[in-house]
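# Overview (structure and organization)
So you can see what is in the structure, the chains are spelled out below.
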Amino acid sequence: MTAPADPVPAGLWDSLGWEPTPEQLRQLMALQQQLRHWNARLNLTRLVDGDDYWIAQVYDSLWPWRELLNGPQPPAQPLRCLDVGTGGGFPGLALAIALPHARLTLVDSVGRKAEAVKAMAASLGLGERVQVRWERAEATGHASSCRGQQDWAMARAVAAAPVVAEYLVPLLRASGRALLYRGLWSPEDQTCLERAAISLRAEVERVERIDLPGGRGVRHAVVLRPSAPCPASYPRAVGLPAKQPLA
Ligand code: SAM
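Let me begin by describing the structure that accompanies this report.

Parameters at a glance
- Residues numbered from 1 in each chain as written.
- Predicted model: local features only at pLDDT ≥ 70, side-chain atom pairs only at ≥ 80, totals over all residues.
- Heavy atoms only, no water.
- Near = heavy atom within 4 Å.
- Polar contact = N/O pair within 3.5 Å; in protein donor to acceptor, adjacent residues only side chain to side chain.
- Areas by Shrake-Rupley, 256 points an atom, 1.4 Å probe, with all protein chains shown as cover.
- Nonpolar A, V, L, I, M, F, W, Y, C, P; charged D, E, K, R; others polar.
- Core = buried A, V, L, I, M, F, W, Y, C linked by side-chain atoms within 4.5 Å.
- Buried < 20%, exposed > 50% of the residue type's maximum accessible area, 1.4 Å probe, protein only.
- Contact = heavy atoms within 4.5 Å.
- Helix = DSSP H or I, 4+ residues; strand = E, 2+ residues; numbered from the N terminus.
- 1 Å grid on protein atoms, 1.4 Å probe; cavity = no way out; pocket = protein on both sides within 12 Å on 5 of 7 lines; lining within 4 Å.
- Points joined across faces, edges and corners; volume = space filled by probe spheres on them.
- Axes fitted to C-alpha atoms, helices over the stretch in contact; angles between N-to-C directions.
- Parallel < 35°, antiparallel > 145°, perpendicular 65-115°, else oblique.
- Left-handed = near helix turned anticlockwise from the far one by under 90°.
- Salt bridge = Lys/Arg side-chain N within 4 Å of Asp/Glu carboxyl O.

## Focus on the site of the ligand
If you check the shell around the ligand, you find 16 residues, and the closest are G85, F90, D108, A137 and R156. Backbone polar atom of G85 to a nitrogen atom of the ligand: 2.7 Å apart, as the coordinates give it. Contact distances for the ligand include 3.3 Å between a nitrogen atom and a side-chain N or O atom of Y167. For the ligand, whose unbound accessible area comes to 600 Å², protein coverage reaches 79%. For the shell around the ligand, a count of residues per class yields six nonpolar, four polar and six charged.

Quick look at the structure:
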């Protein structure tokens, strides 16, 4: 039998400036149990227990969204978000719980991870708003149902920033934004990403920094916005973005 969910660390929501509703908290707790269940079979992540789960998974997924989480009104149209390289479902599943007006597409190139995430979403009652695609991001970027359609495209811990930018930018609608979850972020990282962004017809809009609670380290959220339609040649063929990064 799966162990009960661990308690939320004291003050966690205060530092996020947002608090889940009782239903969202129940879902976040159920997600931990689902993660444990699937992790025992697939080794999805080592961050499943206690603060590892609540801070390094849930909080780390949600902190770049503080503004939206605390926003007054859900948009008239559901927000369309896509998580590339979702792995065990982060940040995508945490976001689907926290933003009940969002529709999420979660992509991973490993079939058994995609299957597990799909099963987790279904068991959490998110099946209608969460779609899971088992494919490479290079293919997603050319799929007509995904390309140019997203309000937000994001990736955490998937590849170097210029590689991730090539996966994400083609997915954005004109008003959309790409969110790159990064750990440390240097001026050199910024220069490389800015160079890559030129080819993709995008630019770095802002970089936010945070110290995770509990001394869990520094995180950066790097946001890109399109400046013109992304050339049809991007993303390049499978493997090329990583082998020959744009920068
Ligand atoms: N985003 C999750 C997280 O932060 O916990 C998982 C990170 S894991 C280190 C990287 C994931 O990206 C893996 O599940 C891998 O299969 C996936 N991935 C890597 N390159 C990919 C690509 N080109 N297309 C789709 N998925 C990819």
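## Observations concerning the nonpolar core
If you look at the biggest cluster of nonpolar residues, it comprises 50 residues, and the most contacted ones within it are L62, W65, L93 and V130. Ignoring any residue separated from it by four or fewer positions in sequence, one finds L62 in contact with L16, W18, L69, A94, L95 and A98. Judged by nonpolar contacts, the second largest core, of 31 residues, contains A155, V164, L168 and A202.

## Remarks on the environment of A202
Position of A202 among the secondary structure elements: in strand β6 (residues 202-211). For A202, a relative accessible area of 8% translates into the label buried. A202 sits 15 residues away from G217 along the chain, and the two C-alpha atoms are 29 Å apart.

## Details of empty space enclosed by the protein
For the coordinates displayed, the defined rule picks out one cavity of 30 Å³ or more. As for the largest cavity, its lining consists of P64, W65, W152, L179, R206, E208, A221 and V223. Those elements that provide at least two residues to the lining of the largest cavity are β6 and β7 (218-226). Here the lining of the largest cavity is composed, by residue class, of six nonpolar, no polar and two charged.

## Some thoughts on the packing of helix α8 (residues 161-168) against helix α9 (residues 187-200)
At a minimum axis separation of 9 Å, α8 and α9 run at an interaxial angle of 25 degrees. One way to sum up the angle between α8 and α9 is to call them roughly parallel. When the axes of α8 and α9 are compared, the crossing they make is right-handed. Here A161, P162, A165 and E166 of α8 come into contact with α9, specifically with C192, L193, A196 and L200. Split by residue class, the contact of α8 with α9 holds seven nonpolar, no polar and one charged.

## Topic: α8
With eight of eight residues buried, α8 lies mostly within the body of the structure. Within α8, burial applies to A161, P162, V163, V164, A165, E166, Y167 and L168.

## Let's talk about the pattern of salt bridges
Within this structure, the stated rule accounts for 17 salt bridges. Between D52 and R216 there is a salt bridge, with its nearest N and O atoms 2.5 Å apart. A residue pair is termed long-range when its members are at least 10 positions apart, and D52 in helix α3 (residues 50-62) and R216 in the loop between β6 and β7 qualify at 164 residues. Residue class for D52 comes out partly exposed when judged on its relative accessible area of 23%. For R206, the salt bridge identified is with E205, shortest N-O distance 2.8 Å. Overall, R206 belongs to the partly exposed group, its relative accessible area being 31%. We classify E205 as partly exposed; its relative accessible area is 26%. Connected via shared salt-bridge partners are R66, R177, E203, E205, R206, E208 and R225.

All quantities given are derived from atomic positions and should not be read as evidence of function.
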